[in-house]
Every structure is written in structure tokens, then in C-alpha cells.
Amino acid sequence: MTETPPLGDLKWARGYTDPAWVRRYTAAGREISPSRRVWRGAAPARELPAGPHDLDSLEISTSNGPSLKLPEVFAAAQTDAVVVLHRGAVVHERYFHGTEPHTPHFNASAAKSYLGLAAAMLAHEGLLDRTALVTHYVPELAGTAFGEARVDHLLHMGTQMSYAGRRFDKSIEAQRYFAVVGPQLRPYGYSGPACIREHLATARTTGTPGTEFRYENGNVEALAEVLRRITGKSTSALLGELIWSHLGAEEDAYYILDGEGVEAACGGFSATARDVARLGEMLRRVGAVGERQVVPEAVASTIVSGVPDGYPRRVRFPAAPPDSPAMLSYHDLWWVLNDPYDSFMASGIHGQRLFVSPRLDLVVAHFASQVMSPSVPPAPLVQAFQQIGVHLNTATGA
């Protein structure tokens, strides 16, 4: 959050100010909500070779403060797990606060990117029409902000809406969304939507779709319903079938479910850091795992190069000040960093990151439980990841 919420909305701000609350829920999704597994597949886990490199003494330059040692960056981020791959080998792996290599951790909005990847694969196969109105696939969304949009608008956060007539506040709406999904997260006296379907039905258009970037969970939930209608599969089954079961993952992942048994596709996904690193490594290798092409090269190679013209080319992170430069791009629910290394990233609240940098031969899976508060400056994670890659390439003579 960048400003103090109205007094009436303070009950929705707890997740941004209470560290104990954050850590309780980043690692315990299955304990608070029903869940559905994303199957790892029947094949043995694919080895992640070890190539340890001392990064603890690496100095990270920051844009608005003194340099920090890498462990100081992770301490500031309240890091729970980090796995760094360089050219496919694990060069750095750390776990904190009770997290272990086999512990699934909340990925938050990083999960949006995984669903975007599945959607891009279905579009590549000709099963999904990006130009179609959402109501072509989900007639029940007629009259809502999402029903008036096209599929491609969902993939690029191109809708503008308000829920139930409220003034739109991204941070507060994110907390309201969790109350929709998890009864345990509802404040006393809650009388709002009890499932994702009811929540989407309250969205009304406040602007023309496809003209402005507005980061909002509902786009992803509407997209997930489109994909379920096309395939006849749950989000968990679809992600497992298309991607997760082909990575050589060590553990099943899972989604938490709403009251109707529907996956919280925009952020209710949990997996281990090692397995998320495997996903990133597959994308670094342009969709391949070993000799098998899991994601079509035409999909994996265009996450960065395929950003459409217009508003997706000029975006900023959700927590960035509204007057800050729009230096990023956004494509198929992936953040494109527009750096010299063709880096792209899946990003979620409280410090969840999957950073992929083809030119640096680097993948970083990072999980954390950082509070979101004006009094807690964000840790310089992207700068740290980039500098790790440059350091490793220099050290290995690349």
C-alpha cells in the first residue's frame, strides 16, 4: 500500500501490516482451505545438479541506499526460500523460518504467469481465440466488466472495473478477494460474495477495455474459467497436464479452493522453491526439459519479444507510485523487465518471485513473507538477481 486506507477499510489492511499474519498463511494454505493437487507426474524427479558458488559475500548495489551483502537483502525481504540456478545447476540454495526443500510455499500472484503460460499454449494449439469476447466462452459473465472484454485483454490486464460499486483500490480489493476464497479470512459481519463466481458477477466496467493497464485478480479468474470451459478440466488438472507433470518435479503442487470447489487461480497456488526453479529453467531453455519440448518454442521464445503494441508496453508494478516511470512491459501475465538480459518474471505479493534471465543463464525462485507497508521499504530483489547473474557470468568467464 502507498497510502493509509480509509478507516472503514482498515480491517482489510491486516495482511499488509502484520508480519505474523503473513508468515502464517504463506506456508499453510492446505491448513486453512480445501485444496486440490497439481500432480507432479509418474516419472522420477529430474535431478538439479549442484554447482555451489559463494554468494554470501556478494555486494548488491541499490538504487536509493547503501550497498548490501546478499544475506542482508534476503533478511530485508524476510526470505523463506531461495534457489539460484546458473546454466541449470544449483549454485545457491537457502531456507529460513522453518521452510524446508520439500515445503510447498504460497506463490501468490506469481501463479498468474503460470496460468498465462497455459493459456498461451492453448492459443498456440488453436483451442483458444485471443480475440474472442469472454462471453463467447463464458456466457454467464455477460453484463460484467470481464464479459465485455476480449480474452487478450484478460491476458494483459486490460479491463477497468469496480466491484459492487466501490471505489477501486487495488490493495484493498486484493484483501477482499482472499475473504471471498477463505472463510477464515473474513472479518466479523462479512456479507460479501462467498465464491469467485459471485465476486466476478459484481464487477462493472468503468472504462473501455484494452486501453489501460490495471492489475486486477478478476482478470485471471475470468481467464481460468475460460480455460476450464475450453478444456473441460479443472485448473489444477490443466496445469498438471500441460506443464507440471513434465518438469521432473519432486513434489505435487496445489491450489486452494473456494466454497464451490474452484481453484483460486490468480494466487492460490503453492509449490516448492526447487520445483518452481525447474519451471524457470524450462523457460530459460525455451520450453525444453532435456530432449522434450514441454512448451512450444514459439510460446516460450515470445514471452519477451511478443509484447503487443499499446498499453502492455508501458506498465509499472502494482505497488509503485502512480507518478513513477512506466519502465516495464506485461505479456500473457508475465512481467517483462526490459533490461539488457531479456529478463522476465512471475511476481507475487510478500516477495514471491520467479526470475528468468536467458542472457544471464540465470533462474531464481524466491519465496518470502515480507509485509507490505509504507514503513517497510521493499527489498531490492530484482537488482540483486540481475547482479547475481552478472557476477556468475563474470566468475565463469562468460
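Within every chain, residues take consecutive numbers counted from 1 along the sequence as written. Note on the predicted model: pLDDT of at least 70 is required for a residue's local features to be given, and 80 or more for side-chain atom pairs to be given and counted; whole-chain, interface and lining totals, by contrast, use all residues. The basis for every side-chain value is the complete set of non-hydrogen atoms in the structure, without hydrogens or water.

### Concerning the sheet that holds strand E15 (residues 344–348)
Then comes step 1: Here 7 strands make up an open sheet; going across it, the order is E5-E4-E17-E16-E15-E14-E13 and the pairing antiparallel. The open sheet terminates on both sides in strands that have one partner only, identified here as strand E5 (89–95) and strand E13 (329–331). Here the average twist between neighbouring strands, direction ignored, is 15°.
Then comes step 2: Residues are treated as being in contact if the distance between any of their heavy atoms lies within 4.5 Å. Lines are fitted to the C-alpha atoms to define the axes, a helix being fitted only along its stretch in contact, and any angle between axes, read from their N-to-C directions, falls within 0 to 180 degrees. Think of it this way: any DSSP run of H or I at least four residues long counts as a helix, any run of E at least two long counts as a strand, and we number them from the N terminus. Most of the contacts of helix H5 (residues 110–124) go to E15, to which it runs at about 130°, and overall it touches E13, strand E14 (334–336), E15 and strand E16 (352–357).
Then comes step 3: Contacting strand E4 (79–86), E5, E15, E16 and strand E17 (362–368), helix H15 (residues 381–395) runs over the sheet at an angle of about 145° to E17. Criterion used throughout: strands pair if DSSP finds at least two bridges between them.

### Some points on the packing of aromatic side chains
Then comes step 1: The rule is short: rings of Phe, Tyr and Trp, with Trp giving its six-membered ring, pair when the centres are within 6.5 Å, and they are stacked under 30 degrees, edge-to-face over 60, tilted in between. Across all of its chains, the model carries 14 aromatic pairs by this definition.
Then comes step 2: The interplanar angle of 70° and the centroid separation of 5.9 Å between the aromatic rings of phenylalanine 213 and tryptophan 335 together place this pair among those described as edge-to-face. One end of the pair, phenylalanine 213, is in the loop between strand E8 (203–205) and helix H10 (217–231); the other, tryptophan 335, is in strand E14, with 122 residues separating them in the sequence. For the residue pair phenylalanine 213 and tryptophan 335, the accessibility class agrees, reading buried in each case.
Then comes step 3: Taking the centre distance of 5.2 Å and the plane angle of 65° together, the rings of tyrosine 255 and phenylalanine 269 count as edge-to-face. In this pair, tyrosine 255 is assigned in strand E9 (residues 253–256) and phenylalanine 269 in strand E10 (residues 269–271), connecting sequence segments 14 residues apart. Phenylalanine 269 carries the same exposure label as tyrosine 255, and that label is buried. The rule is simple: take the accessible area with a 1.4 Å probe, protein chains only, and divide by the maximum for that residue type; under 20% is buried, over 50% is exposed, in between is partly exposed.

### A word on the sheet that holds strand E6 (residues 105–106)
Then comes step 1: Read from one edge of the open sheet, 4 strands run E1-E9-E10-E6, paired in antiparallel fashion. Two strands in the sheet have a free side with no partner beyond their single neighbour: strand E1 (35–38) and E6.
Then comes step 2: Relative to E10, E6 runs antiparallel, the two being bridged by 2 bridges. Across the sheet, the residue bridging to histidine 105 is alanine 271, located in E10.

### What about unusual backbone geometry?
Then comes step 1: Residues other than glycine seldom take positive phi values, yet alanine 108 does so here, at roughly 50°.
Then comes step 2: Summarising the element assignment, alanine 108 is placed in the loop between E6 and H5.

### Topic: H5
Then comes step 1: Helix length check: H5 (15 residues) gives 22 Å between terminal C-alpha atoms against 21 Å at 1.5 Å per residue, within 8%.
Then comes step 2: Within H5, 14 of the 15 residues are buried, which leaves the element mostly enclosed by the surrounding structure.
Then comes step 3: Note on H5: the residue one or two positions beyond its end, glycine 126, has a positive phi of about 85°. What a helix is expected to span follows from its residue count: subtract one and scale by 1.5 Å.

### Observations regarding the nonpolar core
Then comes step 1: Ranked by size, the top nonpolar core spans 114 residues in total, and within it Tyr114, Trp244, Phe269 and Met282 carry the most contacts.
Then comes step 2: Among the elements that make up this core, the one with the highest residue count is H5 (11 residues). Residue types Ala, Val, Leu, Ile, Met, Phe, Trp, Tyr and Cys, when buried and joined through side-chain atoms within 4.5 Å, form a set referred to as a nonpolar core.

### Re the pairing of E4
Then comes step 1: Among the 8 residues in E4, 8 count as buried, and that is most of the element.
Then comes step 2: Inspection of the sheet shows E4 paired to E17 by 7 bridges, in the antiparallel sense. Along E17, the bridge assignment pairs histidine 86 with leucine 362.
Then comes step 3: The sheet contact formed by E4 and E5 spans 6 bridges and is antiparallel. Pairing of valine 84 across the sheet is with histidine 92, part of E5.

### Here we look at helix H12 (residues 273–284)
Then comes step 1: The end-to-end C-alpha separation of H12 is 16 Å, in line with the 16 Å expected for 12 residues at 1.5 Å each.
Then comes step 2: Counted residue by residue, H12 has 12 buried out of 12 residues, so it is predominantly covered.
Then comes step 3: Within H12, the full set of buried residues consists of Ala273, Arg274, Asp275, Val276, Ala277, Arg278, Leu279, Gly280, Glu281, Met282, Leu283 and Arg284.
Then comes step 4: Just beyond H12, the residue with positive phi is valine 286, at close to 55°.

### Considering the environment of leucine 115
Then comes step 1: Within the secondary structure layout, leucine 115 lies in helix H5.
Then comes step 2: Setting aside chain neighbours within four positions, we find leucine 115 in contact with Val220, Leu223, Ala224, Leu227, Thr235 and Ala265.

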